[in-house]
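Tertiary structure, described
Each chain, letter by letter, is given below.
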Amino acid sequence: MLFRPLATGVMVMPNQHSLLSPSSSERWLHCPRSARLCEGMADTTSSYASEGTEAHALCEHLLLQALGRNTTDPRPQFKQYSNEMQEAAEGYVQYVMEQVADFRAQGIEPAVYVEQRLDLRAFIPDCMGTSDAIVVGGDTVIVVDFKFGNLPVPATSTQLRIYSLGVCELLSCLYDFTRVRTVIFQPRLGTVDEAEITKDELYAWANDVLTPIAQLAYEGKGEFECGDWCRFCRARNQCRTLAEHQLSLAQYDFKQPPLLTDDEIASILTQVDALVSWASGIKDYALQAALAGTRFPGWKVVEGRANRRYVNDQAVAEKVIADGKNPYEQKLLGITAMEKLLGKKHFAELLAGLVERPQGKPVLVTEDDKRPEINTAQNDFNE
């Protein structure tokens, strides 16, 4: 079995991001002009992103360990390590090793590549990528991507397709595979999404869709187009196309919903979450710009409300105790904190029968949501 990463012949600095990164491909494939529009805009790293980086590092370490390769434990350097992260990484390693075992059961000794650098420049200008895990044997190559977030990502995502193209370019000269299986391992959602495409179909998509649009985006050409992909666009708070799209809802009079037809209300519901998110983003952007010195006509920055707080908790406690009173209250840990204290498995065993999930508050969602529909007043009447 091969474990040693292949060199791509390209020197890439750590954390280098191309203009057309695979992770943002869903956006620039739909909205080519957004690539150059976002160029140079600050990309702030959230705590969720840094947590994901640590989780990936742990996955790499544990997988290399399972494969019998030398590796250094990264956990002492982590700032957001948790039992949840450990269990997620262990589940990922178990899944990859199961693929290895499946090949062996067929009499095939597979090759495994971990955190393999990929040269994607044959399809996208100045683009590189890294695949979390690749398992290849017989006529199939499996491309596995670990996601530690809560937003569902399908195995048919453009990011994973682009990685698969890089894998094909890198390994086709060594292995005679014709099928590509893409996998999104997403432990926080409890899902492992798999999809399959032939190598010929993958290259056809690259030639017909990916490369032509990538070239347009690289040259700053094409069209602006709004959609779900705007969510993580760095220009979303200043984008005129998105603003015009969101403000088109102003044609409705929200103060008089009885005057709207059911079809009109349904149309609004499909857009209202995006509208609220966009408006909130505009407010956040305007506040930061105002703090930096921008003057928006008719607006000013003031000090918001703030709750009182103790300057020194210990000093307050000592004063109250000296006054003959108890300054502390005793409270049972919440379920999430208790599960973290005990560990998920021990929590389930120790508190079996003592934890319940009450009926959730009714929520209006689209019909493609997988949750079963609850009985409404109209349903009860019909019955």
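Cut-offs and rules
Residues numbered from 1 in each chain as written. Predicted model: local features only at pLDDT ≥ 70, side-chain atom pairs only at ≥ 80, totals over all residues. Heavy atoms only, no water. Helix = DSSP H or I, 4+ residues; strand = E, 2+ residues; numbered from the N terminus. Buried < 20%, exposed > 50% of the residue type's maximum accessible area, 1.4 Å probe, protein only. Contact = heavy atoms within 4.5 Å. Salt bridge = Lys/Arg side-chain N within 4 Å of Asp/Glu carboxyl O. Pairing = 2+ DSSP bridges. Axes fitted to C-alpha atoms, helices over the stretch in contact; angles between N-to-C directions. Core = buried A, V, L, I, M, F, W, Y, C linked by side-chain atoms within 4.5 Å. pLDDT = per-residue confidence, 0-100. Phe/Tyr/Trp six-rings, centres within 6.5 Å; stacked < 30°, edge-to-face > 60°. Left-handed = near helix turned anticlockwise from the far one by under 90°. Arc of directions from axis to C-beta. Parallel < 35°, antiparallel > 145°, perpendicular 65-115°, else oblique.

On to the overall build of the protein. Regarding its fold elements, the protein presents 12 helices and five strands. A total of 383 residues make up the protein; the buried ones form 33% of that total. The contacts in the protein between residues at least 6 apart in sequence include a share of 66% that link residues at least 24 apart.

It is worth spelling out the side chain of Q86 at this point. Structurally, the position occupied by Q86 is in helix α4 (residues 83-105). Apart from the residues within four sequence positions on either side, Q86 is in contact with L58, L62, R75 and Y81.

Here we take up the pattern of salt bridges. When their charged atoms lie close together, side chains carrying opposite charge are able to pair. With the rule as written, the count across this model stands at 12 salt bridges. Across the pair D323 and K325 runs a salt bridge, and its minimum N-O distance is 3.1 Å. Comparing D323 with K325, the two get one shared label, exposed. Each of the salt bridges in this network shares a partner with another, and the network as a whole consists of E51, E84 and R188.

Let us now look at the sheet that holds strand β3 (residues 140-146). Spatially, β1-β2-β3-β4-β5 is the arrangement adopted by the five strands of the open sheet, whose pairing is mixed. The sheet is open, and its two borders are formed by β1 (111-119) and β5 (191-198), each paired with just one other strand. On average, adjacent strands in this sheet sit at an angle of 25° to one another, irrespective of strand direction. Where β1 lies against strand β2 (residues 128-137), eight bridges are found, and the strand directions are antiparallel.

Moving on to the nonpolar core. Core analysis: the largest hydrophobic core is formed by 37 residues, its most contacted members being W28, I124, V136, L171 and L210. Elements with a minimum of two residues in this core: α1 (25-30), β1, β2, β3, α5 (158-171), β4 (179-186), β5 and α6 (199-218). With eight residues, the single largest contributor to this core is α5. Ranked by size, the runner-up nonpolar core spans 27 residues in total, among them L63, F78, A89 and F146.

Next up on the list: the confidence of the model for the protein. Chain-level pLDDT for the protein is 86 on average; 89% of the residues reach the 70-or-more range. At the level of individual helices and strands, the protein shows its lowest average pLDDT in helix α12 (residues 377-382), which scores 50, and its highest in β3, which scores 97. Considering only residues more than four positions removed or in separate chains, one finds that residues 7-16, a stretch of pLDDT under 50, has 12 contacts.

Counting across every chain of the model gives six aromatic pairs. Their ring planes at 20° and their centres at 6.3 Å tell us that F146 and F185 sit as a pair that is stacked. In this pair, F146 sits in strand β3 while F185 sits in strand β4, placing the two residues 39 residues apart along the sequence. Its relative accessible area of 1% is what places F146 among the buried residues. An aromatic cluster is built from Y92, Y95, F146, F148 and F185, whose rings are joined through pairwise contacts.

Here the focus is the side chain of R181. Along the chain, R181 turns up in strand β4. Ignoring sequence-local partners within four residues, the contact set of R181 consists of Q99, T140, V141, I142, V143, E194, A195 and E196.

As a packed pair, α5 and α6 sit with axes 10 Å apart at the nearest point and diverge in direction by 115°. For the pair α5 and α6, the crossing hand works out as left-handed. Residue-level contacts link T158, R161, I162, S164, L165, C168 and E169 of α5 to K199, L202, Y203, W205, A206 and L210 of α6.

Moving on to the environment of A317. Structurally, A317 is set in helix α9 (residues 313-322). In this structure the C-alpha to C-alpha distance between A317 and Y328, which are 11 residues apart in sequence, comes to 8.0 Å. Each residue touching A317, except ones within four places of it in the same chain, is listed here: P327 and Y328.

Let's shift gears to helix α7 (residues 240-247). Within α7, the full set of buried residues consists of L242, A243 and Q246. For α7, the buried positions fall inside an angular range of 100° around the axis, keeping them on one side. More than 90 degrees from the buried face of α7, the exposed residues found are R240 and E244. On its buried face, α7 sits against α8 (262-291).

Relative to each other, α7 and α8 sit at 130°, their axes nearing to 10 Å. Between α7 and α8, the crossing angle belongs to the class labelled oblique. The chirality of how α7 crosses α8 is left-handed. Facing α7, whose interface residues are L242, A243, H245, Q246 and L247, α8 presents Q271, A274, L275 and W278.

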